[in-house]
Amino acid sequence: MYDLVIRNGQLHLSGSIIQADLAVMGERIAAIGTGFRGKEEIEARGMYVLPGIIDPHTHMDLETGETVTSDNFYNGTVAAAAGGITTIIDFTNSSSPHRTIPEDINARLQSASESVIDFGLHAEVTGWLPGDEWQFRKALEMGVSSFKFFTTYSDSGRGSGSDVLYHAFREIADMRALALVHCEDDDLIKGLLNRMTPQDLSRMSKFSYSRPPAAEASSIAQVIFYGRITGSNLHIVHVSSSQGLEELRRGQREGVSVTGETCPQYLLLDDSLYETDHGYLYSIAPPLRKTEDRASLWDAISKGTLSFVASDHCQYRKEQKKWQGSFSRLPKGLPGTETMLPLIFSEGIMKNRLSLEDLTKILSENAAKVYGLFPQKGILAIGSDADLVIFDPSSKWTIHASDLHMKTDFSPYEGLIVQGRVIATISRGEMIFYKGEFIGDMGRGNFLKRKTGFSRH
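Worth saying up front: this structure is predicted, and the values here are computed from it rather than measured.

Regarding the packing of helix H4 (residues 162-175) against helix H8 (residues 213-230)
As a packed pair, H4 and H8 sit with axes 9 Å apart at the nearest point and diverge in direction by 40 degrees. As the angle between them shows, H4 and H8 are arranged oblique. Where H4 crosses over H8, the handedness of that crossing is right-handed. Counting all contacts with H4, which are made through Ser-162, Leu-165, Tyr-166, Phe-169, Arg-170 and Ala-173, the residues of H8 involved are Gln-222, Val-223, Tyr-226, Gly-227, Ile-229 and Thr-230. In the contact of H4 with H8, the residues fall into 7 nonpolar, 4 polar and 1 charged.

Below, the structure is given as C-alpha cells:
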C-alpha cells in the first residue's frame, strides 16, 4: 500500500513515454508499473504525468534601485506551482558592495523562507575583487555552486570587467562550479546610448537599437574566451539572438564547457511590440529581437545548442512601468513563471517546433543536470523526489492576466489561446495545486544545497 498512486497516465520518462501507474511513498517515487494500490489514488487517463518543472532563472522580491518586483517568494512560488513548477533557482540580491557573497546568501535565505516549493540560489557576483576567492569556497560550503556575472550595468556597480572575469573563472574552474553570465557588451551599449538624442530616448521603438544583437554576441565571445583559457564551466543566460547563438555554437564546437538558455519571451515575441502604444511594458534586457531570431532560437533548442528554457521571471505592475518620457527610466523584466509550461507545449510541441520527448528535457531534466540537482530532481525515476505534474494536453484556454496567480495586472501573452493546462502539481509527494487552486502551505519549500560537477546533458 503506497501513499499515493497516479493511475493510467502517460508517464514522461527520460527519452520515452509509457502508459503506466506511478507510486509514491513519503517524498519519493517508489515504483513505476501497474496494479498498485494507494491510500490516495488519482486517475490520470488521457493526461501527461511529467517530472516537476524546474524554472532555473527567477527574480522574486528583487530590489532594483527604488523598485521591488511585485512577486515575493510566497506569491511567486504559488504562481510557479500553478504552472507545474516544483523547483526554482533564484538569485542573491547584492544590494551593498560591502557585503560578501556568503552574507548575500544568508540574507536571501531569510526572504526565501516563505517559498512553497523547493528552491536553490545562484550567487550574484557584484563588487567582488580578486583576492577574495574565499567567498566562492564559502558559498559552495553553503550549498550554492553557481555564480552570476554581468558584463553590463557597470554604472550600477553590477558589471564585471575582464580582470574580475578572469580571476573569478579560474577559482570557479578549480572548484568545478559554474559561472552564469548575463552577456551584453557594456562599452557598446554606453556608446550607443551616449549618441542618442533626447528624442531618441523618448521613443520606445529605439530601445532595441540601444542593446543590439552585436552587444550580446561580442560579450558571449569574450566570456567564452575566458572560459577556454581558465577551464571554467559556463552558462549563458537568456540568449536572445541569432548572432549570440553563433558565438555559443562556436564555443561548443571548440570544446569549451558552455551551455545556454533562452526564455519564452524571446521565442514568442518580437521587437515590433516596441512600436505599439504599450511597448514600454516589454522593457527587458536583452530586448526582444526580430522574427528570424525567434526561428533560430527554436531550432537551437531542438538541436541542443540551447539546453533549456527558463522564464527570467521578473515582474512589475503597470504602475511600476509607467512611461516617464524615456526608456532609460524603465525597470526591465516580464512575468513568466506560471505560463512557461503551457506556452512551450502549445507553441513548441503543438506547432511541431519540438518533439514531445523534448518537453521534459528542456523544462526539467537538462536544468537539473546543469545545476547539480539530477537525479533528485528532473526525472521520473524510482528514488527521485516525487515532484510531479498532471497535465491535460487537450485543454484549450486563453491567457488573461486577471486569471493568473502571479501578482500582475499585465501578461505579455494577453489574449493568446494556448493548448495544455496544469491540472495538479505535486511537490515531494504532497499535492499543492489542484484544478486552479493552491492548497499547500507557506514555507514548505526546502532550500536545495547543490553539488558541484557539471553535466551538459
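Structural notes on helix H12 (residues 340-349)
Extensive coverage of H12 is indicated by the burial of 10 of its 10 residues. Listed as buried for H12 are Met-340, Leu-341, Pro-342, Leu-343, Ile-344, Phe-345, Ser-346, Glu-347, Gly-348 and Ile-349.

Thoughts on unusual backbone geometry
Along the chain, Ala-285 connects to Pro-286 via a cis peptide bond; the corresponding omega equals -5 degrees. Secondary-structure assignment places Pro-286 in the loop between helix H10 (264-268) and helix H11 (291-303). The amide bond that connects Phe-374 to the next residue, Pro-375, takes the cis arrangement and shows omega of 5 degrees. For Pro-375, the location among the structural elements is in the loop between helix H13 (358-370) and strand S16 (388-398). We note that Asn-8 has phi near 60 degrees; this positive angle belongs to a residue other than glycine. Position of Asn-8 relative to the elements: it lies in strand S1 (residues 2-13).

Things to note about the sheet that holds strand S13 (residues 233-236)
Hydrogen bonds along the backbone pair up the strands of a sheet, which may run parallel or antiparallel. Spatial ordering of the open sheet is given by S6-S9-S10-S11-S12-S13-S14-S15, a layout of 8 strands whose pairing is parallel. Looking at the sheet topology across the chains shown, the edges are occupied by strand S6 (53-55) and strand S15 (308-309). Bridging between strand S11 (residues 146-150) and strand S12 (residues 178-182) involves 5 bridges; their strand directions are parallel. What sits directly across from Lys-148, in S12, is Leu-180. Sheet strands in contact with helix H2 (residues 101-111) are strand S9 (85-91) and strand S10 (118-124), and its direction is about 150 degrees off that of S10. Each of S11, S12 and S13 is contacted by H4, which is oriented at about 165 degrees to S11, the strand it contacts most.

Section: H4
For H4, spanning 14 residues, the distance from its first C-alpha to its last is 20 Å, which sits close to the expected 20 Å at 1.5 Å a residue. Two residues or fewer after H4 comes Arg-176, characterised by a positive phi angle close to 60 degrees.

So, the pattern of salt bridges
If charged atoms from side chains of opposite charge come close, those side chains can pair. Across all of its chains, the model carries 31 salt bridges by this definition. Residue Arg-45 pairs with Glu-43 through a salt bridge whose shortest N-O separation is 3.8 Å. Classification of Arg-45 by relative accessible area gives exposed; the value is 53%. Residue classification places Glu-43 among the partly exposed positions, given a relative accessible area of 48%. Sharing partners across several salt bridges, the network here consists of Glu-27, Arg-28, Asp-118, Lys-377, Asp-385, Asp-387 and Arg-428.

What to know about the side chain of Ser-241
Tracing the sequence through the fold places Ser-241 in the loop between S13 and helix H9 (242-253). Look at Ser-241 and you get buried, because its relative accessible area is 0%. Excluding residues that lie within four positions of it along the chain, Ser-241 makes contacts with Pro-213, Glu-216, Arg-289, Asp-293 and Leu-297.

Reading the values: the criteria
- Residues numbered from 1 in each chain as written.
- Predicted model: local features only at pLDDT ≥ 70, side-chain atom pairs only at ≥ 80, totals over all residues.
- Heavy atoms only, no water.
- Axes fitted to C-alpha atoms, helices over the stretch in contact; angles between N-to-C directions.
- Helix = DSSP H or I, 4+ residues; strand = E, 2+ residues; numbered from the N terminus.
- Parallel < 35°, antiparallel > 145°, perpendicular 65-115°, else oblique.
- Left-handed = near helix turned anticlockwise from the far one by under 90°.
- Contact = heavy atoms within 4.5 Å.
- Nonpolar A, V, L, I, M, F, W, Y, C, P; charged D, E, K, R; others polar.
- Buried < 20%, exposed > 50% of the residue type's maximum accessible area, 1.4 Å probe, protein only.
- Pairing = 2+ DSSP bridges.
- Expected span 1.5 Å × (residues − 1).
- Salt bridge = Lys/Arg side-chain N within 4 Å of Asp/Glu carboxyl O.

Any functional reading would require information beyond the geometric quantities listed.
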